[in-house]
Structures are given as structure tokens and as C-alpha cells.
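Working through the structure, step by step
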Amino acid sequence: MPEINVFIVEDELIHAENTKLSVEEAGFGLCGETDNADDALNAILNAKPDVVLMDISLPGKNNGISVARLLREKNGPPVIFTTSFTDTETIKEAAEAMPISYLVKPVSTDNLRAAVTLALNQTRSTSSEELEVNDGAVFIKSGNRLQKILIDDILWIEAAGDNYCKVVTSNHQLVSRHTVKKMVEELRSNAFVQTHRAYVVNKHKIDSIHEKEQVIQIATDQIPVGRTFKEALYQQLKKL
């Protein structure tokens with residue numbers, strides 16, 4: 001079984017040492033650690049751990065909650081919050097960052113092993129079930145089934161909240177647990193061009209561009225064109 005690598009973000013030395021001991025006793029590897037939220041994001045992305053153990057309260061302009069949000073936006077590793085606080089308000093705020101789990105400090109070996117195992121199982125399940133690309137089609141989870149969508153039939157893809165996007169065709173509007181950027185990467189097609197920070201369109205489906213209103217017309221729908229994407233959009237259209 002491959003080693004599971006853990007990254008620890010903890011500013012209290014006694015808890016950091018205890019957590020490292022629990023990581024070792026659980027049979028996991030430690031691939032990095034930091035005691036500052038402002039350094040955590042880049043350090044985690046560079047270390048590429050399987051799981052992050054994130055203290056909620058950290059020094060710096062950021063805290064554990066804001067770093068967890070940024071990791072979600074960048075499709076980073078799953079986060080397990082570690083905290084000494086169990087009050088309702090703290091837990092409510094932390095829940096908005098959608099961590100995989102919580103561990104109350106001091107972190108015990110058994111609780112850590114269980115939380116990490118559940119985190120990895122959930123992440124793998126989501127990854128394998130929600131999106132499969134095969135022979136010019138994408139299979140997106142819809143309810144209890146995988147819905148087949150031909151990539152050429154996709155009209156546009158739009159952001160639908162943190163770490164989710166909506167894939168739109170003439171007949172379907174399906175939400176997938178992927179960012180717009182990640183979805184386009186998975187589709188591996190040069191048909192898609194970004195027109196706005198929240199929208200990517202199939203350039204072959206564009207009917208017209210309204211330059212004054214700064215919108216693209218696709219059938220009866222209008223998609224916004226952001227100023228920073230306008231030039232790249234026109235360059236792509238010249239290649240048609």
C-alpha cells in the first residue's frame with residue numbers, strides 16, 4: 001500500500017509535536033509542516049500531500065478557514081480541521097470551508113487514522129463517480145446515474161459556487177463537483193474558450209457577439225464577455 005502523506009499546519013508547538021507523533025503512529029508519512037497561515041497555501045501546493053491537518057486558529061492575515069477555502073478553489077488536497085474550540089460559532093464558520101472532518105486537539109492516533117481514511121475514501125469516490133471522459137463524451141453524475149454528454153454538444157460551462165460548475169447543452173444542465181478550469185482540463189478539447197471569469201463557451205456554438213452589450217449569443221441565451229478575456233476570445237475565433 002502506498003504511503004499516505006500528511007501536511008500539518010499548527011502554530012502551537014506542543015500540539016504540533018503531538019500531531020506529528022500521531023501521524024507516525026498511524027503509519028502515515030509527514031511531507032511538510034508550517035506554523036503560519038500566510039505561508040501555508042504555497043507550502044501545501046508544493047508538497048502535494050494526500051491530506052492536510054489544518055489548525056483553525058493561526059497567526060497571520062489568513063487563518064485555517066481562509067486557507068482551506070483557497071485550497072478548495074485550487075482543487076487542493078482534502079482538509080481536516082484540528083481545533084481546541086468546540087463552540088457552535090467556530091464550528092459553523094469552519095463548516096463554510098467544507099472540510100472533510102474535524103479533530104479536537106490533542107489529536108489521538110485512532111481518531112486521526114479514522115479521519116484520514118474516511119477523507120481519502122470520500123475523495124476517491126467523488127473523483128471516480130462524478131466525471132469520466134471517454135470517446136468524445138463526458139459522463140457526469142446526475143442523481144444515482146452517470147449521464148452521458150457528448151463533448152461537441154456542450155454549449156457552455158459556468159461556475160456554480162465553490163468547486164462546482166454547471167455543464168449546459170440544449171437538453172441538459174448538469175452540476176459537477178469540478179471548477180470550470182478543472183472541467184475544461186478534463187475534457188481535453190480545444191473547442192472551449194473562456195469569455196468571463198465564470199464562463200467558458202464552446203466556440204463552435206457561438207451565433208453572434210454583441211460588442212456594445214459585451215455578450216455572446218448562443219441560441220436564445222446570452223453569455224457575458226469580460227474585458228480581460230475579449231482579446232483572447234477574438235484570437236480564438238480567427239482560428240475557426
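Residues numbered from 1 in each chain as written. Predicted model: local features only at pLDDT ≥ 70, side-chain atom pairs only at ≥ 80, totals over all residues. Heavy atoms only, no water.

**Let's talk about the pairing of strand S11 (residues 173-176)**
Note the following rule: Relative accessibility thresholds used throughout: buried, under 20% of the residue-type maximum; exposed, over 50%; partly exposed, between the two (1.4 Å probe, protein chains only). Strands here are runs of E lasting at least two residues and helices are runs of H or I lasting at least four, both read from the DSSP assignment and numbered beginning at the N terminus. At least two DSSP bridges between two strands are needed for those strands to be called paired.
Residues Leu174 and Ser176 point to one face of S11 and are all buried, whereas Gln173 and Val175, pointing to the other face, are not buried. Pairing geometry for strand S10 (residues 165-168) and S11, over 4 bridges, is antiparallel. Paired with Lys166 across the strands is Val175, a residue of S11. Between the antiparallel neighbours S10 and S11 lie 4 residues.

**Regarding the pairing of S10**
Regular strands show a simple pattern: their side chains alternate between the two faces of the sheet. With 4 bridges connecting them, strand S9 (residues 156-159) and S10 associate as antiparallel partners. In the strand pairing of S10, Glu158 is matched with Lys166.

**A look at unusual backbone geometry**
Note the cis peptide between Lys105 and Pro106, where omega equals 0°. On the secondary structure map, Pro106 appears in the loop between strand S5 (101-104) and helix H5 (109-130). Despite not being glycine, Lys48 has its phi angle at roughly 55°, a positive value. Looking at the element boundaries, Lys48 is found in the loop between helix H2 (37-47) and strand S3 (51-55). On the accessibility criterion, Lys48 (68% relative accessible area) is exposed.

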